Each structure stands twice: as C-alpha cells, then as structure tokens.
Amino acid sequence: MAGVCRAEIDTEVKCAPHKFYEMMKYGLHHLPTIWPEGYTDAQILEGDGTCEGDLRLWTYILPGTTEKVTVKARTTKQDDDNMTIVLAADEGSDLHAHYKHFTATVKISPKGDGSLVTWIVEFEKHHHEVPDPHLYLALFSTLTEKVDGHVHKDAICKCEIETEVKCNAHKFYECIKYSLHHLPTIFPEAYTDCKLLEGDGKSQGSLRQWKYLLPGSTEEMTVRARTTKQDDKNMAIALCVEEGSSIKEHYKHFTAIVQVIPKGNGSVVKWTVEFEKHGDEIPDPHAYLELCDKLNEKVDAHLHKK
C-alpha cells in the first residue's frame, strides 16, 4: 500500500504498564463512562469485547469539534507479551469518508514507575485535500490521560492535616516558597541537612534533597523532592518525591501539597499528601503529616520572632 502514511504520539502515564494494558484490552467498551465528553456511546457488535476479532462501534467527538462521529473498529491484533493492540476501522465508519485505510495501534511500555503509551496511526487518504489525522492523535492522547486517571484513582490515596498559625498568609507562603532549603536552620531537630540540586530554590522545577528524622524516630532518612507546582494566586506549592528517596522504599508515588489560606489575622496551613503504596502492609503516611504539622509551627515561630 504505497499510499499508506504513519503518524504517532507518546504519552507518559503514572499507571503500571500491565494494569494500563489490561484496561485497554478489557475496558474499551467502557469509554463513555471513563470519558463521557469524548465518547458518548459504545457497543460490542461482534465477540465478547476481550479478544482478537471483536468488532465495536463507538460514537465520539473529536477535540475542538461538536459533531458526533462514529467508527466501527475491529481488534485485528492483541499481543499480550508486547502489550500491543491493533484496531482497524471497518466499513460503515465516518472515517471512511476521508480515509481508504485507517488503523490505530496502541503499545504500552514500562517507563520508570509508570508507562509510556504510544499510539500509531496508519492511514491512506482518498485525496490530498484530506488532512492528516492530527485530531485523532489528540483524541488518543487525551484518552490515554483519562484512562490513566480512571485506573490510577483507585490506587492513589490522600490524607491531609491543617494547622492554624498566627502569621499572615502571604508572609508564610513566601517563606515556604523561598526558604525550604533553610529548614535545617528553622527546624534543626527534624531537618539535619539540605542541598539544592537543581534550579534556584524559589521556582517551579527546583529539586532539593533533605536529610530528616520523622517524629519519634532516630533514623536519618533522605528525600529528593521537586517543586512541580507553584501557584502564587492560591498560595499552593506541590513537592513530588523523586528516585533516590527513602520514601520510595514504601511508596510508588508521593506528593506533598501545601496551601496557605488566610484566616482572620493569621492563616490556616493545609498539607495534603497523595500517595500510592508498594503493598497493603505499608502504613499510611501519618508520621509525615505529623512532621508537616510541626514544620508549620516551627515556620510560624521563626517568622514571628523576626
């Protein structure tokens, strides 16, 4: 097929490869539940929805459009070893108004603690005026994110703690934003060392390494955390734990989010920890919330004595 062209897109996800692949293998007919804004209906026309040869009918809306279109697609390949699925558009699809041939291949590969999801579209146009299927790549990229969120939400847990402090909210937020690498000075009983590994220490993307002791423990631990979000308007900062941290021995994913909220003449400092355990025997990170609570008090006292 000399006229067949190819386009592809990669999307990184948090979900484990095997888990993501199983969702694609067994749950494609659930897309209207997973992403109702993109897929409005799905039917299994032939097969049981889990095997090669299955034929499904989807009704969907391409990104940036409002028109509902349909596709009949057959699973022509399902390779469990390589975590690859191939879907070929059948006759009776709106796609065939523009393309003589249209096949979408999804391949899931391990990447770090998560996965890399690659969509490859092979297509042949009826004529040169037909655009390349960039909207379909955008559709598949968003679909990947929605599936990841759907699968991952059951694994990601959340716990939080709030501390009332005397300090003005803006002043407290600025200390968290600019002075996290000064924690060994502010709270030496818990933080014994800090190094700035990347960035300027006050911007999104900065990476720091702390040595610390959890409350009630004498074991010195390390954490490398990157500032992945810095929202000055809502006075919120997210710190995502990276490889090389003691925390990673217990948690696949660990993000601490601090938000400072004005209250009267002072503030409420809210810490939210989002985490995914390696196993059910791992405890919830209550000791980290206790550390955050004490940190709030230490920062407040530090700012008040100035």
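What counts and what doesn't
Residues numbered from 1 in each chain as written. Predicted model: local features only at pLDDT ≥ 70, side-chain atom pairs only at ≥ 80, totals over all residues. Heavy atoms only, no water. Pairing = 2+ DSSP bridges. Helix = DSSP H or I, 4+ residues; strand = E, 2+ residues; numbered from the N terminus. Axes fitted to C-alpha atoms, helices over the stretch in contact; angles between N-to-C directions. Contact = heavy atoms within 4.5 Å.

## What about the sheet that holds strand 2 (residues 39-46)?
- If you trace the seven strands from one edge of the open sheet to the other, you get 1-7-6-5-4-3-2, paired in antiparallel fashion. The sheet is open, and its two edges are formed by strand 1 (5-13) and strand 2, each paired on a single side. Across this sheet, the average inter-strand angle for adjacent strands is 25°, counted without regard to direction.
- Where strand 2 and strand 3 (residues 55-61) come together, six bridges link them in antiparallel fashion. Counterpart to aspartate 41 in the pairing with strand 3 is threonine 59.
- Lying over the sheet, helix 1 (residues 17-26) contacts strand 1, strand 3, strand 4 (68-79), strand 5 (84-89), strand 6 (99-111) and strand 7 (114-125), oriented at roughly 150° with respect to strand 6.

## Description of the pairing of strand 6
- Of the pairings in the sheet, the one linking strand 5 to strand 6 comprises five bridges and is antiparallel in character. What sits directly across from isoleucine 85, in strand 6, is valine 106.
- As paired strands, strand 6 and strand 7 are joined by twelve bridges and run antiparallel to one another. Residue pairing in the sheet places threonine 103 in a bridge with glutamate 122 of strand 7.

## A closer look at unusual backbone geometry
- The phi dihedral of methionine 83 is positive, around 50°, even though this residue is not glycine.
- Positionally, methionine 83 belongs in the loop between strand 4 and strand 5.
- With a phi angle near 50°, methionine 235 is a residue other than glycine that sits in the positive phi range.
- Secondary-structure assignment places methionine 235 in the loop between strand 11 (221-231) and strand 12 (236-241).

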